[in-house]
Amino acid sequence: MIHITINGETRQFNQPINIEQFVDENNLKGKRIAIERNGEIVPRSQFAEQFLTDGDRLEVVVAVGGG
Amino acid sequence: MDNLIIAGKTYSSRLLVGTGKYKDFSETRAAIEASGAEIITVAIRRTNIGQHADEPNLLDSVPPSKYTLLPNTAGCYTVDDAVRTLRLARELLDGHALVKLEVLGDPRTLYPNIVETIKAAEILVKEGFDVMVYTSDDPIAARQLEEIGCVAIMPLASLIGSGMGILNPWNLQIIIDNARVPVLVDAGVGTASDAAIALELGCDGVLMNTAIAAAHNPVLMASAMRKAVEAGREAYLAGRMAKKMYTASPSSPVEGVIASAPSQ
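The rules behind each value
- Residues numbered from 1 in each chain as written.
- Chains lettered and ligands numbered in written order.
- Predicted model: local features only at pLDDT ≥ 70, side-chain atom pairs only at ≥ 80, totals over all residues.
- Heavy atoms only, no water.
- Helix = DSSP H or I, 4+ residues; strand = E, 2+ residues; numbered from the N terminus.
- Contact = heavy atoms within 4.5 Å.
- Buried area = accessible area lost by both parts, 1.4 Å probe.
- Salt bridge = Lys/Arg side-chain N within 4 Å of Asp/Glu carboxyl O.
- Polar contact = N/O pair within 3.5 Å; in protein donor to acceptor, adjacent residues only side chain to side chain.
- Nonpolar A, V, L, I, M, F, W, Y, C, P; charged D, E, K, R; others polar.
- Pairing = 2+ DSSP bridges.
- Core = buried A, V, L, I, M, F, W, Y, C linked by side-chain atoms within 4.5 Å.
- Buried < 20%, exposed > 50% of the residue type's maximum accessible area, 1.4 Å probe, protein only.

**Q** Tell me about the environment of Tyr-67 of chain B, and please be specific about residues and values.
**A** You can see Tyr-67 of chain B is positioned in the loop between helix H2 (58-61) and strand S5 (68-71). Separated by 181 residues in sequence, Tyr-67 of chain B and Ala-248 of chain B place their C-alpha atoms 48 Å apart.

Written as structure tokens, this is what we have:
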């Protein structure tokens, strides 16, 4: 079991998961998002290659209204 | 044509608007259309994970194909947070380089932290971002940010969201006179006359959000701001008359009046 902190909240995963699977499972596929993993941008082209490992910190962001 | 050029791209509107504080995306879209703005600021925030699958997305209402989006670093108090936020924005917007940097120093006043702003600007410019930078109305800070390579200097007129208008036109004038990149007033505009004054001073543009979004009728205020910015710019280009402090100058001929003038 691995623990990942996603947008500040800790989540557990029972089996290895890559970022593409994470995006699919959380209804984020096709949405305009950007992902940072441990402080580094994860380009969309690498979603399938990057597997989450225990202790990872993910930030998943969107554009919202602001000035 | 009298255009605004930022980072080599030409814009016909000198009014830049934000997308915060609107009732809904439909009001946001209507206000932006009425404003005539081409550059639109957006914020970058954490998304809900696994909830609200059908939540509307701002970018559906303000499509990047139609507008130049200007992602900001609102809410960032450190160099690291600001730089990471804009890297995420660049990824989100497919390599888009134009960004608005603001590094805040205090949550009550939202006053910029200039030391941190300068450090962040140095990093971002090196990474290829076109940085429009929110700053105080300190002419030295403005000059340093320009020297770093920021593509536009954006001093506050008064505090963000305060609507207090232009409190120090003299400092803005110094910044405008010294700058070789566009200077835009960012923050503090409350109503149309404030925007007109900014352009009359020689500012290249104005960026605003709350003045429109918090008006009772945001769409009408957006239209008013569009006209104020155009009027202020035309007045600046026309060159105002000299002020005569203590002497009037009649607009009508002094000869041929049927009454006799009072003796001096």
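That covers the picture; the talk isn't over yet.
**Q** So what's going on with the interface of chain B and chain A? Which residues, and what values?
**A** How big an interface is tends to be stated in terms of the accessible area lost upon association of its parts. Listed as interface residues are 31 residues of chain B and, on the opposing side, 28 residues of chain A. Taken together, both faces of the contact between chain B and chain A bury some 2600 Å²; the carbon and sulfur share is 54%. In this assembly, chain B and chain A are joined by five salt bridges. With a closest N to O distance of 3.3 Å, Arg-44 of chain A and Asp-94 of chain B form a salt bridge. Applying the counting rule to chain B against chain A returns 15 residue pairs in polar contact (both at pLDDT 80 or more). Looking at the side of chain B that touches chain A, the element that brings in the most residues is strand S4 (residues 39-46) of chain B, giving six residues. Tallied by class, the residues present in the side of chain B that touches chain A amount to eleven nonpolar, eleven polar and nine charged. Strand direction decides the pairing type here: strand S5 (residues 57-65) of chain A and S4 of chain B, joined by five bridges, are antiparallel. Following the sheet pairing, Val-61 of chain A is matched in S4 of chain B by Arg-46 of chain B.

**Q** Hey, could you go over the nonpolar core for me, with residue numbers and the actual values?
**A** Counting residues in each nonpolar core, the largest one holds 71 residues, and the members touching the most others are Leu-101, Met-208, Ile-212 and Met-225 of chain B. Once you skip the residues sitting within four places of it in the chain, Leu-101 of chain B turns out to touch Thr-73, Ala-82, Thr-117, Ala-120, Ala-121, Leu-124, Val-131, Met-132, Val-133 and Tyr-134 of chain B. Counting residues in hydrophobic clusters, the runner-up holds 18 residues, among them Leu-28, Ile-35, Leu-58 and Val-60 of chain A.

**Q** Describe the side chain of Asn-18 of chain A, and please don't skip the residues or the numbers.
**A** Residues and elements named next belong to chain A. Of note, Asn-18 is situated in the loop between strand S2 (9-13) and helix H1 (19-25). Here the side chain of Asn-18 touches Ala-48 through a polar contact of 3.1 Å, landing on its backbone oxygen. Apart from residues no more than four positions distant in its own chain, Asn-18 is found in contact with Phe-47, Ala-48, Gln-50, Phe-51 and Leu-52.

**Q** I'd love a proper account of the pattern of salt bridges, names of residues and values included.
**A** In a structure, side chains of opposite charge can pair up when their charged atoms sit close to one another. Evaluation of the coordinates by the stated rule reveals 18 salt bridges over all chains. For Asp-94 of chain B, the salt bridge identified is with Arg-32 of chain A, shortest N-O distance 3.7 Å. With one member in each of two chains, Asp-94 of chain B in the loop between helix H3 (79-92) and strand S6 (98-101) and Arg-32 of chain A in the loop between H1 and strand S3 (34-37) form a pair that bridges those chains. By relative accessible area, Asp-94 of chain B is classed as exposed at 53%.

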